[in-house]
2 protein chains.
Amino acid sequence: MEKCKISKSSLGRIPYYLDYIDSLPDEIQNISATRIAKELGFGEIQVRKDLALISKEGKPKVGYDRFALKDSLNAFLSNQNGNAIIVGAGKLGKALLDYSGFETYGTRVLAAFDNNLDEEITLQSGKSIFPVNQMKEFCELHNVNIGIIATPSQSAQAVLNKLYECNIKLIWCFAPCRLYKPADVIIQYENLALSLAHLNFQSNQ
Amino acid sequence: MEKCKISKSSLGRIPYYLDYIDSLPDEIQNISATRIAKELGFGEIQVRKDLALISKEGKPKVGYDRFALKDSLNAFLSNQNGNAIIVGAGKLGKALLDYSGFETYGTRVLAAFDNNLDEEITLQSGKSIFPVNQMKEFCELHNVNIGIIATPSQSAQAVLNKLYECNIKLIWCFAPCRLYKPADVIIQYENLALSLAHLNFQSNQ
């Protein structure tokens, strides 16, 4: 399956569709987009579009075979083959490395790398933190395509440059800064401080 | 200063305006929105609107007095009086508690609360984690208006209910779930797994 265009909100609904299918009684074989939309409180048009994007098996008046739909949804997520590493193994980097929820959407966080380290450390979760000089070899070996920057702002540009040398062009940046990037790099900034502040501002709106 | 409507992107530009003003040579007294936009690579209309929202002191052809503008920007951030607590002091909760960047936008994360705790623990940063039964008293004493849910999904609803009992109506939820809420509660979900997956999906778009 090729990667295809999907909005963040559609992607976010997939785990709810999977949970809902799993919650159905055994005797139910077919489900309709209308029913799913109603049960989950989503818009019917949204659900229809989401499912049509992921499966071609829906039939008018019958809906989807529940098992075929479940397989399609799972295949959609797991075929994306995202392999990520974290750079910067402070508290945030370690928390992200240990977070088990990432694989819900078919993306694996494999390991972290840190400057202040002479040899590999293995965490309770079984995942490792390596010295940063082992990064290039690791990325080639494990087909890493995403780099997560969890360093302080002042190191973030150097980290991005290093990730690019490792042929990584998708960057998720937790450092509150703006980075210069080659044209073929996509950076997604995750500014937690800004998110919290914006929530606070909403209270009076 | 009252809280006022501001978009997340406008709010996000304020720290850049402040950094830019600080970086100006001493002899520069006035700055224009045009110049700021050009130097920071933002759209001129955006910058004009942002500054007009925060300061009424801009003059045609002269621009803003740099010190007055800096004061207005700082006052805008610091007058929002956001006081947050974290519920759930696992790795993510602790990482958030120790993250020093939140105050950039005038919002303080004061303490964390956890179920598995009999007495207060103080972290290196000086911030504390308390048993959850001390939450209500703490919130009243410190005027807490934001609750950050950093527990597993299965506890999140109970935590939201408890926060509401503490009169907290702004919720920032890191648990990957959907919560039922009273009409006067605002929930902002932070689904890190979804953000990472979406970045991965973007590579083919």
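Structural notes, computed from the coordinates. (Residues numbered from 1 in each chain as written. Chains lettered and ligands numbered in written order. Predicted model: local features only at pLDDT ≥ 70, side-chain atom pairs only at ≥ 80, totals over all residues. Heavy atoms only, no water.)

**Quick notes on the nonpolar core**
Leu11(A), Ile148(A), Leu11(B) and Ile148(B) are the most contacted members of the largest nonpolar core, which totals 96 residues. For Leu11(B), the residues in contact, after removing those within four places along its chain, are Leu194(A), Ala197(A), His198(A), Phe201(A), Ile6(B), Phe76(B), Leu77(B) and Tyr105(B). (Core = buried A, V, L, I, M, F, W, Y, C linked by side-chain atoms within 4.5 Å. Buried < 20%, exposed > 50% of the residue type's maximum accessible area, 1.4 Å probe, protein only. Contact = heavy atoms within 4.5 Å.)

**Observations regarding the packing of helix H1 (residues 8–23) of chain B against helix H2 (residues 33–40) of chain B**
Residue and element names in this part refer to chain B. Remark: H1 packs on H2, axes separated minimally by 11 Å, with the N-to-C direction vectors making an angle of 100°. It follows from the interaxial angle that H1 and H2 lie roughly perpendicular. Of H2, the residues touching H1 (which contributes Tyr16, Tyr17 and Tyr20) are Arg35, Ile36, Glu39 and Leu40. When grouped by side-chain class, the residues that make up the contact of H1 with H2 number 5 nonpolar, no polar and 2 charged. (Axes fitted to C-alpha atoms, helices over the stretch in contact; angles between N-to-C directions. Helix = DSSP H or I, 4+ residues; strand = E, 2+ residues; numbered from the N terminus. Parallel < 35°, antiparallel > 145°, perpendicular 65-115°, else oblique. Nonpolar A, V, L, I, M, F, W, Y, C, P; charged D, E, K, R; others polar.)

**Points about the environment of Lys49(A)**
Position of Lys49(A) relative to the elements: it lies in helix H3 (residues 44–54). When the C-alpha atoms of Lys49(A) and Ala33(A) are compared, they prove to be 9.2 Å apart, with 16 residues separating the residues in sequence.

**Describing the sheet that holds strand E9 (residues 186–189) of chain A**
All names here are of chain A. Spatially, the 7 strands line up as an open sheet ordered E5-E6-E4-E3-E7-E8-E9, and their pairing is mixed. Because the sheet does not close on itself, it has two edges, and the strands there are strand E5 (121–122) and E9. In the sheet, strand E4 (residues 107–114) pairs with strand E6 (residues 128–131) via 4 bridges, with the strands oriented parallel. What sits directly across from Ala112, in E6, is Ile129. Sitting on the sheet, helix H7 (residues 153–165) is in contact with strand E3 (82–87), strand E7 (146–149), strand E8 (170–173) and E9, with an inclination near 165° to E7. (Pairing = 2+ DSSP bridges.)

**Examining the interface of chain B and chain A**
Opposite the 56 residues of chain B that make contact, chain A presents 56 residues. Around 5200 Å² of area is buried between chain B and chain A when both sides are counted, 65% of it from carbon and sulfur atoms. Scanning the region where chain B abuts chain A turns up 2 salt bridges. Where Asp98(B) meets Lys91(A), a salt bridge forms, and the shortest distance between an N and an O atom there is 2.5 Å. Our count for the contact surface shared by chain B and chain A stands at 15 residue pairs in polar contact (both at pLDDT 80 or more). At the level of elements, H1, helix H5 (91–98), strand E4 (107–114), strand E7 (146–149), strand E8 (170–173), strand E9 (186–189) and helix H8 (192–202) of chain B are the ones that each hand at least two residues to the side of chain B that touches chain A. The element that contributes the greatest number of residues to the side of chain B that touches chain A is H8(B), accounting for 11 residues. Taken together, the residues that form the side of chain B that touches chain A break down as 30 nonpolar, 17 polar and 9 charged. (Buried area = accessible area lost by both parts, 1.4 Å probe. Salt bridge = Lys/Arg side-chain N within 4 Å of Asp/Glu carboxyl O. Polar contact = N/O pair within 3.5 Å; in protein donor to acceptor, adjacent residues only side chain to side chain.)

**Here's the deal with the state of the cysteines**
In this structure the tally under the stated criterion is 0 disulfides over all chains. Between Cys177(B), a free cysteine, and Cys173(B), which holds the nearest cysteine sulfur, the sulfur-to-sulfur gap is 4.5 Å. (Disulfide = S-S within 2.5 Å.)

**Here we look at the pairing of E4(B)**
Residues and elements named next belong to chain B. Burial analysis of E4 places 6 of its 8 residues in the buried class, the great majority of the element. When strand E3 (residues 82–87) meets E4, the two strands line up parallel, connected through 6 bridges. Along E4, the bridge assignment pairs Ile86 with Ala112. With H5 bridging E3 and its parallel neighbour E4, the resulting β-α-β unit is right-handed. (Right-handed = clockwise from strand over helix to strand, strands pointing away.)

**Comments concerning the packing of helix H2 (residues 33–40) of chain A against H3(A)**
Residue and element names in this part refer to chain A. Contact pair H2 / H3: the axes reach a minimum separation of 8 Å and the direction vectors enclose 125°. Taken together, the axis directions place H2 and H3 in an arrangement best described as oblique. Where H2 crosses over H3, the handedness of that crossing is right-handed. Counting all contacts with H2, which are made through Ala33, Thr34, Ile36 and Ala37, the residues of H3 involved are Glu44, Val47, Arg48 and Leu51. Class assignment for the residues of the contact of H2 with H3 results in 5 nonpolar, 1 polar and 2 charged. (Left-handed = near helix turned anticlockwise from the far one by under 90°.)

**Observations regarding the packing of aromatic side chains**
A full pass over the atoms with the stated rule returns 18 aromatic pairs over all chains. Ring geometry for Phe130(B) versus Phe138(B): centroids 5.4 Å apart, planes at 45°, classification tilted. The exposure classification of Phe130(B) matches that of Phe138(B), with both residues buried. Of the aromatic side chains, those joined through ring pairs into one cluster are Tyr99(A), Phe102(A), Trp172(A) and Phe174(A). (Phe/Tyr/Trp six-rings, centres within 6.5 Å; stacked < 30°, edge-to-face > 60°.)

**Points about empty space enclosed by the protein**
One pass over the full model with this rule turns up 1 cavity of 30 Å³ or more. The calculated volume of the largest cavity comes to roughly 40 Å³. Ala95(A), Leu96(A), Tyr99(A), Leu92(B) and Leu192(B) together form the lining of the largest cavity. In terms of residue class, the lining of the largest cavity is made up of 5 nonpolar, no polar and no charged. (1 Å grid on protein atoms, 1.4 Å probe; cavity = no way out; pocket = protein on both sides within 12 Å on 5 of 7 lines; lining within 4 Å. Points joined across faces, edges and corners; volume = space filled by probe spheres on them.)

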